[in-house]
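Per-entry structural report
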Amino acid sequence: MADKKTFYITTPIYYVNDVPHIGHAYTSLACDVLARFKRLDGVEVMFLTGTDEHGQKVEKAAAAAGMEPQTFCDKVSETFRELGKVMNYSNDDFIRTTEQRHKKACQALWQKLEQNGHIYKGKYEGWYSVRDETFYGEKELIEGQGGEKLAPTGAAVEWVEEPSFFFKLSEWQDKLLKFYDENPGFVLPKTRFNEVKSFVKGGLRDLSISRTSFQWGVPVPGHKDHIMYVWIDALTNYISALGYPDEQAEKFRKFWPGLNMVGKDILRFHAVYWPAFLMAAGVAPPARVFAHGWWTNEGQKISKSLGNVIDPFELVEEFGLDAVRYFLMREVPFGNDGDFSRSAFIHRINGDLANDFGNLAQRCLSMIAKNCGGKIPSNQDMTGDDKKQFLDNYEKILSGCRNWLDSQQIHNYLSLLWEGVSDANLYISNEQPWVLTKEDPKRMEAVLYTTAEAIRRLAILAQPVMPDAMNKMLDLLSVPEEQRTFVHLGDDFALKPGTPLPEPVAIFPRIQDH
Ligand code: MSP
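Residues numbered from 1 in each chain as written. Predicted model: local features only at pLDDT ≥ 70, side-chain atom pairs only at ≥ 80, totals over all residues. Heavy atoms only, no water.

**As for the site of the ligand**
Using the following cut-off: Here, proximity means that at least one heavy atom of the residue falls within 4 Å of the molecule or strand. A 3.5 Å cut-off defines polar contacts: any pair of N or O atoms within that distance qualifies, except that in protein one atom must be a possible hydrogen donor and the other a possible acceptor, and neighbouring residues in sequence count only when both atoms are side-chain atoms. The Shrake-Rupley method, run with a 1.4 Å probe sphere, supplies the accessible areas, and residue values consider only the shown protein chains as cover. Note on conventions: DSSP H or I runs of at least 4 residues are helices, E runs of at least 2 residues are strands, and numbering of each starts at the N terminus. By the convention adopted, Pro, Cys, Tyr, Trp, Phe, Met, Ile, Leu, Val and Ala count as nonpolar, Lys, Arg, Asp and Glu as charged, and the other residues, Gly among them, as polar.
The immediate surroundings of the ligand are formed by 23 residues, with Ile13, Asp52, Gly263, Asp265 and Trp295 found nearest. Contacts to the ligand include Asp265, whose side-chain N or O atom sits 2.5 Å from an oxygen atom. Measuring from a nitrogen atom of the ligand, one finds a backbone N or O atom of Trp295 at 2.9 Å. Contact with the protein chains removes 94% of the 670 Å² of surface that the ligand exposes when unbound. Put simply, the parts of the chain that give the shell around the ligand at least two residues each are strand 2 (14-15), helix 1 (22-40), helix 7 (230-235), helix 8 (237-240) and strand 15 (259-263). In terms of residue class, the shell around the ligand is built from 12 nonpolar, 9 polar and 2 charged.

**A word on the sheet that holds strand 13 (residues 219-220)**
Here is the rule we go by: If DSSP finds at least two bridges between two strands, the strands pair.
Across the sheet, which stays open at both edges, the 3 strands sit in the order 12-14-13 with antiparallel pairing between neighbours. A single partner strand is all that each edge strand has here, and the edge strands are strand 12 (210-211) and strand 13. Looking at chain direction, strand 13 and strand 14 (residues 223-228) are connected through 2 bridges and run antiparallel. Across the sheet, residue Val220 finds its bridge partner in strand 14, namely His223.

**Focus: helix 18 (residues 441-462)**
This is how the line gets drawn: In this analysis, the expected span of each helix is defined as 1.5 Å times one less than the number of residues it contains. Throughout, exposure labels follow a simple rule: accessible area from a 1.4 Å probe, protein chains only, divided by the maximum for the residue type, with under 20% read as buried, over 50% as exposed, and the rest as partly exposed.
For helix 18, spanning 22 residues, the distance from its first C-alpha to its last is 31 Å, which sits close to the expected 32 Å at 1.5 Å a residue. For helix 18, the buried fraction is high: 20 of the 22 residues fall into the buried class.

**Focus: the pattern of salt bridges**
Stated formally: Here, a salt bridge means any Lys or Arg side-chain nitrogen found within 4 Å of an Asp or Glu carboxyl oxygen.
The tally for this structure, following the rule as stated, stands at 33 salt bridges. Arg96 is the salt-bridge partner of Glu53, the closest N and O atoms lying 2.6 Å from each other. With Glu53 in the loop between strand 3 (44-52) and helix 2 (56-64) and Arg96 in strand 4 (residues 93-96), the pair connects residues that are 43 residues apart, well separated along the chain. One salt bridge connects Glu195 with Arg192, and the closest N-O pair in it is separated by 3.2 Å. In this pair, Glu195 and Arg192 both sit in helix 6 (residues 190-201), 3 residues apart, roughly one turn of the helix. A residue is classified by how much of its surface remains accessible, and Glu195, at 44% relative accessible area, is partly exposed.

Dropping the structure here:
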């Protein structure tokens, strides 16, 4: 994937039974960071998100709200678009499964599976969880406090008996295992891949892929009484947005296969069912499925019933967007579970942003304003040593960032950049330009120049996580807007002495806890 000139990244599509919360914001944010990084790195990117609007769960939620399903979906889907605006996601498209382009793709995929002999008609008898939109085998169930049967996730299950079409998933065990062997990077993190493999090794049952007991979904072609199982419908979104069934469509040819980013709870659908469906239809499986972990709130599982759902809109309102984006991406190794706590948030933001990066910029820019006439200082007295400290190793930093992000290790990419921030802080503390103001003003200018140039490079590299704040920082350095991509990192585009700078302002104020 690393050398490809195009990059396709998708978020899961979000159920519209509920309003957006921090979990949704997190998945999309990670995708946004990866998409922005690739764009800055000269890669043609397609970043897709959207909403999953069919199935029993949504139908029930609409009924509970006393609304027609379509009107209900229109309303809730809009809140996810709103979240996208508030979080500053740079998605290129937003797909809704109630759109015609999507229904057409689902039906075409179904027909392909049928033509290729992978579907048969039968009867489903078994357990179903509407909350999880998942069929469960008897052995998977657990016992609730009152002795009732529950899904392994704790969701209620109901016994279902109805005519159904089945996908012959049982025939895919060997083919999937072979595919996994041949594609060792198909699922990340590795531990999750092992879970997938052992699930498949345990044997696969045919999968019920249509329902007859409700209406809200895509009709099975030629069998209007059957509605497609919401997961076959939902997964198809990743290719319907590319123009499937037209496999010659420009987007499809350019971007498929892509990276499907998901939470760990929906990995099985993406790493087992999805590649099987695609291979059965003669389409390539995704290039990678990355499963990230889950957030808890102050140590507790996030749930509506506990009333501890973290509202991303409120968080942004209180702390500012880029602080929220930075915290979510930096605090927890991407792929692990993580805990959201107010004190950890404040500690992280005050430490990394206000103290480390913010102070560095503040110190350097206010000295330039005061002592260099508000212009980029002269670099005449710069030494080889100044350059060596960090300017000369930016290529190494860039390739380090690329490596981390090609394996979706977003936290490591940030910690690599913050090593650069620490180096720059150390440099300015050691060189003490404030002592040089009188003694050696030329040298002071060189030190401030070097620091400002380091800030320019770090700000360019940190744009994917904090696009607004880093743009402001680059504005403070008068870096032309069209010179902020990774090709502009090097000496050819270095700051030009004498360039007038705007009045410096603090970019990352300290958060006062109350
Ligand atoms: N509609 C399906 C996905 C279909 S994709 C073809 C779905 N939707 S969802 O709205 O329930 O969840 C979307 C994503 O949010 C999942 O990736 C899930 O892991 C993520 N999160 C939900 N709660 C979360 C946390 N508390 N923490 C982190 N992410 C979590 O599943």
